[in-house]
Amino acid sequence: MLSRVQRCAAPVFLRYVLASVGALAVDMGSFLAGLALGVPAVAASVLGYALGITAHWMLSSTVVFADDVAAAGAARRRQQALFVASALVGLGVTALVVGGLARLGLDPRAAKLAAVGISFVVTWLLRQRVVFR
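This write-up is about the structure you can find in this document. Since the model is a prediction, treat every value here as computed from it, not as a measurement. Per chain, the residues get numbers from 1 upward, laid out in the order the sequence is written. The predicted origin of the model limits local features to residues at a pLDDT of at least 70 and limits the giving and counting of side-chain atom pairs to 80 or more, whereas totals for whole chains, interfaces and linings rest on all residues. Only hydrogens and water are removed before side-chain values are computed, so all heavy atoms of the structure are retained for them.

1. Some thoughts on the overall build of the chain
1) Next: Numbering of helices and strands runs from the N terminus, with a helix taken as a DSSP run of H or I at least four residues long and a strand as a DSSP run of E at least two residues long. The secondary structure content of the chain amounts to five helices and zero strands.
2) Next: Along the chain direction, N to C, the helices and strands of the chain fall in the order α-α-α-α-α.
3) Next: Seen along its three principal axes, the alpha-carbon backbone of the chain occupies a region of about 45 × 35 × 30 Å.
4) Next: Looking at the chain as a whole, 29% of its 133 residues qualify as buried.
5) Next: Excluding contacts between residues fewer than 6 apart, the proportion of contacts in the chain whose partners are at least 24 apart in sequence is 68%.
6) Next: The Shrake-Rupley method, run with a 1.4 Å probe, gives the accessible areas here. Residue values count only the displayed protein chains as cover. A total accessible area of about 7,900 Å² is found for the chain, and carbon and sulfur atoms account for 73% of it.
7) Next: For the chain, the separation between the mean place of its 12 positive charges and that of its 4 negative charges on side chains is 6 Å. Only protein chains enter the accessibility calculation, which uses a 1.4 Å probe; a residue is then buried when its area is under 20% of its type maximum, exposed when over 50%, and partly exposed in between. In what follows, a contact means two residues having at least one pair of non-hydrogen atoms within 4.5 Å. Counting rule for charge: Lys and Arg are taken as positive, Asp and Glu as negative, and neither His nor the chain ends is counted. Where a charge lies is defined by one atom per residue type: Lys uses NZ, Arg uses CZ, Asp uses CG and Glu uses CD.

2. Overview of helix α4 (residues 74–103)
Each turn of an α-helix holds 3.6 residues, which means side chains three or four residues apart point in the same direction.
1) Next: Expected helix span is given by 1.5 Å per residue-to-residue step, counting one fewer step than there are residues. Here α4 contains 30 residues, and its C-alpha end-to-end distance of 43 Å stays within 8% of the 44 Å for a straight helix at 1.5 Å per residue.
2) Next: For α4, the full list of buried residues reads Q79, F83, S86, A87, G90, V93, T94 and V97.
3) Next: Looking at the buried positions of α4, the neighbouring elements they touch are α3 (41–64) and α5 (108–131).
4) Next: Phi turns positive one or two residues past the end of α4, at G105, with a value near 100°.

3. Points about the nonpolar core
1) Next: Among buried residues, those of type Ala, Val, Leu, Ile, Met, Phe, Trp, Tyr and Cys that are joined through side-chain atoms within 4.5 Å constitute a nonpolar core. Judged by nonpolar contacts, Y16, A19, I53, W57, V64, F65, F83, A87, W124, V131 and F132 together constitute the single largest core of 11 residues.
2) Next: Those elements giving two or more residues to this core turn out to be α2 (12–36), α3, α4 and α5.
3) Next: For this core, the element with the most residues is α3, which contributes three residues.
4) Next: Contact partners of F83, with chain neighbours within four places excluded, come to I53, H56, W57, S60, R127, V131 and F132.

4. Concerning the pattern of salt bridges
1) Next: Here, a salt bridge means any side-chain nitrogen of Lys or Arg that lies within 4 Å of a carboxyl oxygen of Asp or Glu. Applying the stated criterion to the full structure yields one salt bridge.
2) Next: Its salt-bridge partner being R109, residue D107 comes within 2.8 Å of it at the nearest N-O pair.

5. Remarks on α5
1) Next: Those residues of α5 not exposed but buried are A111, A115, S119, T123, W124, R127 and V131.
2) Next: Close packing links the buried residues of α5 with α2, α3 and α4.

6. Observations concerning the packing of α3 against α4
1) Next: At their nearest, the axes of α3 and α4 sit 11 Å apart, and the two run at 130° to each other. With respect to each other, α3 and α4 are oriented oblique. For α3 against α4, the interelement crossing comes out right-handed. Packed against α3, whose contacting residues are Y49, I53, H56, W57 and S60, the element α4 presents R76, Q79, Q80, F83, V84, A87, L88 and L91 at the interface. Lines fitted to the C-alpha atoms define the axes, with helices restricted to the stretch that makes contact. Angles between their N-to-C directions range from 0 to 180 degrees. Under this scheme an angle from 65 to 115 degrees is roughly perpendicular, one under 35 degrees roughly parallel, and one over 145 degrees roughly antiparallel; angles in between are oblique. Crossing handedness: left-handed means the near helix sits turned counterclockwise from the far one by under a right angle, and right-handed means the same turn made clockwise.

7. Considerations on the packing of α2 against α5
1) Next: At a closest axis distance of 12 Å, the pairing of α2 and α5 adopts a crossing angle of 125°. Comparing the axis directions of α2 and α5 gives the class oblique. Between α2 and α5 the crossing geometry is right-handed. Contact with α2, carried on its side by V12, F13, Y16, V17 and S20, involves F120, T123, W124 and R127 of α5 and no other residues of that element.
2) Next: Three classes are used: nonpolar for Ala, Val, Leu, Ile, Met, Phe, Trp, Tyr, Cys and Pro, charged for Asp, Glu, Lys and Arg, and polar for all others, with Gly counted as polar. In terms of residue class, the contact of α2 with α5 is made up of six nonpolar, two polar and one charged.

Next up, the structure:
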């Protein structure tokens, strides 16, 4: 865990970017491991996403927004629920962007890259302004 001085040394947005990269690594690593173990693709994808959300909460609440984490109890559970809701909004944005751009003829891989960027911005704004305000 970073000290308060270390957290202040890196801007919140940079810490959030790094936390997002870490969470994406957990998500993709879990997904690929599941596939290698013979888990069906959809189940492996859902498991990877859930583990990625968990990793992102852990990083966000201890490194990125540590000073804004609610006290234990009902307030913390509400904040965690808002965090998961923001992740589901990000998932919805991803689905809409990939689906829309693919229907317009864009390669789905390029559409996914665009969706990652847009979803990142949406979840950053939700987490900064709603979840950890």
